[in-house]
Amino acid sequence: MGLLSIIRKIKKKEKEMRILMVGLDNSGKTTIVLKINGEDTSVISPTLGFNIKTIKYQKYSLNIWDVGGQKTIRSYWRNYFEQTDGLVWVVDSSDVRRLDDCRSELENLLKEERLSGASLLVFANKQDIQGALKPAEIVKVLNLDAMDKTRHWQLVGCSAYTGEGLLDGFDWLVQDIASRIYMLD
Amino acid sequence: MEPEEGPESKQPGLPAGVLDPVAQKKHAAMLDRLANLHQSRLEQSAARSAAAAASPAFESVSAFLDRFAESRRSVEAELQRCRALAADLASAPRLKPELEKVATSIADLDRLVAENSYFLPSYEVRSSLKAISVLKEALETASAELLPRKKFSFRNKTSKKDPGFLVKQIEETSKAATEKPDLPAVRDSPGFRNKEGSVFIKQFTVSEEGEGDFTLSDLNACEIYLKGRLRSLFIHRLTNCKVFAGPVLGSVLIEEVKDCLFVLASHQIRIHHARATDFYLRLRSRPIIEDCNGVRFAPYRLSYEGLEEELRDCGLGEETGNWAHVDDFKWLRAVQSPNWNVIPEEELMDTINASDIKEQIL
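Now for a look at the structure at hand. In this text the structure is predicted, and so the values were computed from the model without any measurement.

## So, the sheet that holds strand β4 (residues 86-92) of chain A
Residue and element names in this part refer to chain A.
Okay, step 1: With respect to topology, six strands assemble into an open sheet ordered β2-β3-β1-β4-β5-β6, the strand pairing being mixed. Two strands close off the open sheet at either side, each with one partner strand: β2 (50-57) and β6 (153-157). Going from strand to strand, the sheet's axes swing by 20 degrees on average, the running direction of each strand aside.
Okay, step 2: On the sheet, helix α4 (residues 99-111) packs against β1 (16-23), β4 and β5 (119-125) and is oriented at approximately 170 degrees with respect to β4.
Okay, step 3: Across the sheet, helix α6 (residues 166-181) touches β1, β2, β3 (60-67), β4, β5 and β6, and the angle it forms with β5 is around 175 degrees.

Take a look at the structure:
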């Protein structure tokens, strides 16, 4: 029995998924996590460090690591890469000026070997804001179509403010991870 | 009995004492079973030959074809009948079982071909199977027409929008992309940009299209009044400016400002690369600074007609004291960061009354 199959067995028993939420500051990572967990989102402070949330989702238990996106602490993101099953990249679709930053940070992240097997969900957040770029435009700007063909990825437009699109995104992510790790049980 | 038993027990292979009554019984039972088995085999083969005798004609191609054609006609007739039923509203509930019956007949036909395929020429097998698939298709179209299912659709994030919208949106983006590959430049959000020494007044009204974001960038020595509610505010590269704003429902992002004054109310505020700037804030969360120095903080000081109500609508009706709880990402120690401080009482400016400042056509 190989190591991989042992790991699969252990994961299967616990039905756990480890999900890493990253993205530039002000993109709405913490708001997404709290919204999906049904918590108050009106008094969230910018994340100084990280938050961990364990959420029961369908029959799985998601360990969501929500890591702060300020420039100073982006270099610490790599401390959270180990054993990540799903990567959630959050984009502020209304912050047109920093989309270049957003793309280059994502590119750097995807070069990371420890994340090479992780499913990638890109949330085009803040769709409720007038003038925000549409999901199809975000795909273009981030050049997602040029990504490595082996990567499982999906871009979902959402609004953490209204909650729209969040479940669509997480449904895809959880299904995709489940079909990889648990082989669709 | 005794003398007879004697020689028997001496028989080789059946030693006396070993062949006790239990074993004897077993032996008898076994013989019985064998006899039964033989008998049933005989019976079965007799039945088979009888059956073969009863339908000797069936193992012929023409007989099969006749029967197949007959079944096929009956299925077609049944389908016709279903269509007639559908035309009559009263009999509509009977439609479903009827259609199911047709499906069963088709399945029977399928089995008939399979059972007889061993003696049929391959052409006949193929053409029969083809005929069956035509029937299946006919049934499917009939049930789709006659019994429309509830519309099945994937849950779609854009379900609220009309389908034409999506197409239009894709067309638009592809058009935009072909015209200018640099998308961000095409779609600047509303805002004031690249100005010097001006006064800007903007009144935001709650409109049907909802609240939007607003940008102030590359301004020098300007005075900006933003009255009314905003969804989010981006501020980039301002020097020597004064910004007075009504409540921002979401977040404010400030980068690269110098020698400025900001009076802002918002859910969140992030300040990057600010020098020598004063902030008068009301916030629902803690403000953060990163790469700043000489920044000072104080409570919100703005008034105009209707501001109080707007603040309340945005959950900013009450002073939270958060303006003084600044997190400095460049100073993660417990002692006070040298990069910021609270504006002392005697240096606080007076509350700005912007009631008389009206939007002008600039």
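Having seen the model, we can carry on.
## Here's the deal with the side chain of Asp 92 of chain A
Residues and elements named next belong to chain A.
Okay, step 1: Relative to the helices and strands, Asp 92 is located in strand β4.
Okay, step 2: Given a relative accessible area of 7%, Asp 92 falls into the buried group.
Okay, step 3: A distance of 3.2 Å separates a polar atom in the side chain of Asp 92 from a polar atom in the side chain of Lys 126.

## Thoughts on the interface of chain B and chain A
One frequent convention defines the size of an interface as the accessible area lost when the parts assemble.
Okay, step 1: Contacts between chain B and chain A engage 39 residues on the former and 40 residues on the latter.
Okay, step 2: Our enumeration of links across chain B and chain A arrives at three salt bridges.
Okay, step 3: For Glu 255 of chain B, the salt bridge identified is with Arg 98 of chain A, shortest N-O distance 3.5 Å.
Okay, step 4: If you look at where chain B meets chain A, you find 16 residue pairs in polar contact (both at pLDDT 80 or more).
Okay, step 5: Only α6 (163-179), α7 (183-186), β5 (232-239), β6 (242-258), β7 (261-275) and β9 (288-290) of chain B provide two or more residues apiece to the side of chain B that touches chain A.

Calculation notes
- Residues numbered from 1 in each chain as written.
- Chains lettered and ligands numbered in written order.
- Predicted model: local features only at pLDDT ≥ 70, side-chain atom pairs only at ≥ 80, totals over all residues.
- Heavy atoms only, no water.
- Pairing = 2+ DSSP bridges.
- Helix = DSSP H or I, 4+ residues; strand = E, 2+ residues; numbered from the N terminus.
- Axes fitted to C-alpha atoms, helices over the stretch in contact; angles between N-to-C directions.
- Contact = heavy atoms within 4.5 Å.
- Buried < 20%, exposed > 50% of the residue type's maximum accessible area, 1.4 Å probe, protein only.
- Polar contact = N/O pair within 3.5 Å; in protein donor to acceptor, adjacent residues only side chain to side chain.
- Salt bridge = Lys/Arg side-chain N within 4 Å of Asp/Glu carboxyl O.

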